[in-house]
Amino acid sequence: MTGKTDSYDVIIIGAGPAGSQIAYKLAGMGHSVGVVERKESLKGAVCCTGLVSWECVDEFSIPENVIYRWVNSAKLFLPSGKPIQIWRDVPQVAVLNRSAFNQAWAERAQKVGAEYLFSSDVRGIERGQNKTKIIASQRGEMITLQSRVVVVTTGFGSHLLGELDLGGVGDFVMGAQTEVETKNIDEIEVYFGNEIAPAFFAWLVPTLPGKALVGLLSRYNPPAYLRKLLASLSAEGKLSSADVKLTYGGVPLKPLPHTHDDSLLVVGTAAGQVKPITGGGIYFGLMCADIAVNTLHRALETDNLSASGLAGYERTWRRKLGRELTTGYWARKVYEMLGDRQVDRFFRLLESRGMIDELRQAKELSFDWHAGIIARVMGQKLFARAASSIKKPFNFRGRPVQKKKR
Ligand SMILES: Cc1cc2nc3c(=O)[nH]c(=O)nc-3n(C[C@H](O)[C@H](O)[C@H](O)COP(=O)(O)OP(=O)(O)OC[C@H]3O[C@@H](n4cnc5c(N)ncnc54)[C@H](O)[C@@H]3O)c2cc1C
């Protein structure tokens with residue numbers, strides 16, 4: 001079924017982790033797969049820190065040669081600058097070399113027959129009865145490709161989604177990151193505070209010896225906040241040089257209202273399958289890619305690529321991740337309502353009651369699954385006390401409490 005052709009069973013738009021995961025599995029099952037990618041190659045820097053849990057590495061057999069290092073501790077800096085150390089005895093998180101990972105995932109798919117078309121920017125999708133046309137600009141020329149079904153894995157902010165009538169992601173944050181040379185930094189540092197990264201957080205993540213990624217996600221002006229952070233880390237003597245070339249990206253905080261239609265699926269960050277607490281999208285994207293593969297394989301075999309034939313994908317991923325995404329989003333909105341002093345006070349209260357230590361050891365504490373730990377914190381009497389110490393009023397549905405008119 002494979003071979004040089006402009007007609008495929010499946011066209012995947014975007015050669016990130018989600019796209020290449022689907023390409024690898026479907027091509028391995030014997031379907032003809034084309035992957036259309038606007039970049040010239042997958043070698044350049046990616047605006048992503050590459051943190052994934054050991055569960056993700058294990059489940060998707062991510063090879064050691066694309067992992068910079070393993071991490072088992074992090075220092076959280078409260079808005080006041082006070083550090084809180086969290087750690088586990090065994091490494092919990094891997095720092096991936098994102099560019100190497102993207103290349104490895106694409107090569108793996110190519111080896112089983114998926115065709116990659118680089119320098120091809122998809123401009124339009126025309127869905128017909130039995131064939132879908134994909135119109136792309138390839139090195140200045142317009143080309144048309146055909147497929148039975150199309151999978152959109154374009155990551156954050158693609159204009160294509162606006163044309164597909166699936167609704168928008170609803171809420172998002174923007175990010176910036178750069179690579180730096182460091183002095184004596186051997187663990188992850190996370191910085192909170194409205195003067196550092198409004199509504200989100202910033203980080204310093206060691207990669208190779210003497211090197212690290214410094215970045216942040218924020219509601220406003222990430223490059224300005226990142227430059228300010230780099231200046232302050234340099235002044236503290238943590239950096240020996242700060243590469244001033246920044247990369248930019250965005251992260252959706254809510255999923256798309258619909259992620260399937262006739263002859264169409266949307267998967268990964270394009271679909272909003274991202275943890276709202278941390279902005280991490282690699283693991284959930286790969287998970288949803290596998291769910292998409294199961295649905296697509298069945299639909300291709302039975303030749304039912306209608307919206308109803310593809311609905312199993314949407315049902316399954318929402319069953320698996322829906323609660324996580326909703327609870328995480330709710331918790332993020334609550335965090336956003338807090339002032340710096342309130343965040344400090346909340347953490348100090350947790351620490352003074354030994355709760356940080358308790359949570360650190362709790363079985364619910366996971367790099368990926370946050371709903372359990374959020375429920376546990378909220379179940380504590382202490383949470384109610386800490387929440388009552390927060391002056392800005394909110395109710396527990398995350399909506400601001402209306403002030404009564406006098
Ligand atoms: C600052 C920052 C830090 C992050 N850190 C982490 C982290 O530590 N851990 C984590 O899990 N996640 C992190 N993320 C999120 C993570 O990067 C994404 O969730 C992940 O890359 C999504 O994978 P994907 O395959 O869905 O899309 P992407 O990796 O974004 O791939 C999409 C691909 O589609 C291509 N494309 C887009 N439009 C078109 C088009 N019209 N035609 C052809 N090709 C197109 C793009 O060029 C790209 O190659 C971070 C994000 C940001 C912004």
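Up top is the structure these notes are about.
Residues numbered from 1 in each chain as written. Predicted model: local features only at pLDDT ≥ 70, side-chain atom pairs only at ≥ 80, totals over all residues.

**Quick notes on the sheet that holds strand 7 (residues 93–96)**
Spelled out, the test is: Pairing between two strands is assigned when DSSP locates at least 2 bridges connecting them. Secondary structure counts use DSSP, requiring at least four H or I residues in a row for a helix and at least two E residues in a row for a strand, with both numbered from the N terminus. Helix axes use the C-alpha atoms of the stretch in contact, all axes being lines fitted to C-alpha atoms, and the angles between their N-to-C directions lie in the range 0 to 180 degrees.
Taking strand neighbours across the sheet as the criterion, the three strands line up as 3-7-4 in an open arrangement whose pairing is antiparallel. Each having just a single partner strand, strand 3 (51–53) and strand 4 (67–71) make up the two edges of the open sheet. Neighbour-to-neighbour, the strand axes of the sheet open up by a mean angle of 30°, direction not taken into account. By the bridge criterion, four bridges tie strand 4 to strand 7 in an arrangement that is antiparallel. The partner of Val71 across the bridge, within strand 7, is Val93.

**What to know about the pairing of strand 2 (residues 33–36)**
Basically, it comes down to this: Three classes are used. A residue is buried when 20 or more other C-beta atoms lie within 10 Å of its own, exposed when 12 or fewer do, and partly exposed in between, with C-beta atoms placed from the backbone.
On strand 2, burial covers both faces: Val33 and Val35 on one face and Gly34 and Val36 on the other are all buried. Across three bridges, the pairing between strand 2 and strand 8 (residues 115–117) is parallel. Across the sheet, residue Val35 finds its bridge partner in strand 8, namely Tyr116.

**Details of the nonpolar core**
Cut-off, in case you're wondering: Here a nonpolar core is just a set of buried residues of the types Ala, Val, Leu, Ile, Met, Phe, Trp, Tyr and Cys, joined wherever their C-beta atoms sit within 7 Å. C-beta atoms are first placed from the backbone for all residues, and any pair lying within 7 Å is then listed as a contact.
Among the nonpolar cores identified, the biggest contains 101 residues, and Ile22, Ala23, Val151, Leu216, Val267, Cys288 and Ala292 are the most heavily contacted of them. No other element matches helix 6 (residues 282–301), which puts twelve residues into this core. Residues in contact with Cys288, not counting those within four places in the same chain, are Ala18, Val267, Gly268, Ala271, Gln273 and Trp317.

**What about the site of the ligand?**
Rules: Only the C-beta atom matters for this test: placed from the backbone, it must lie within 6 Å of a molecule or strand for the residue to be near it. The start and end points of each domain follow an automatic or database-based domain assignment.
Taken together, 41 residues are adjacent to the ligand, and Gly14, Gly16, Gly155, Gly268 and Gly281 come closest. Domain assignment of the residues forming the shell around the ligand places at least three in each of domain 1 (7–46 + 98–169 + 253–326) and domain 2 (68–93 + 172–251).

**A few points about the environment of Glu181**
Position of Glu181 among the secondary structure elements: in strand 12 (residues 172–182). According to the C-beta neighbour criterion, Glu181 is partly exposed, with 13 such atoms within 10 Å. For Glu181 and Val214, which are 33 residues apart along the polypeptide, the C-alpha to C-alpha distance reads 10.0 Å. Contact partners of Glu181, with chain neighbours within four places excluded, come to Gly210, Lys211, Leu239, Ser240 and Ser241.

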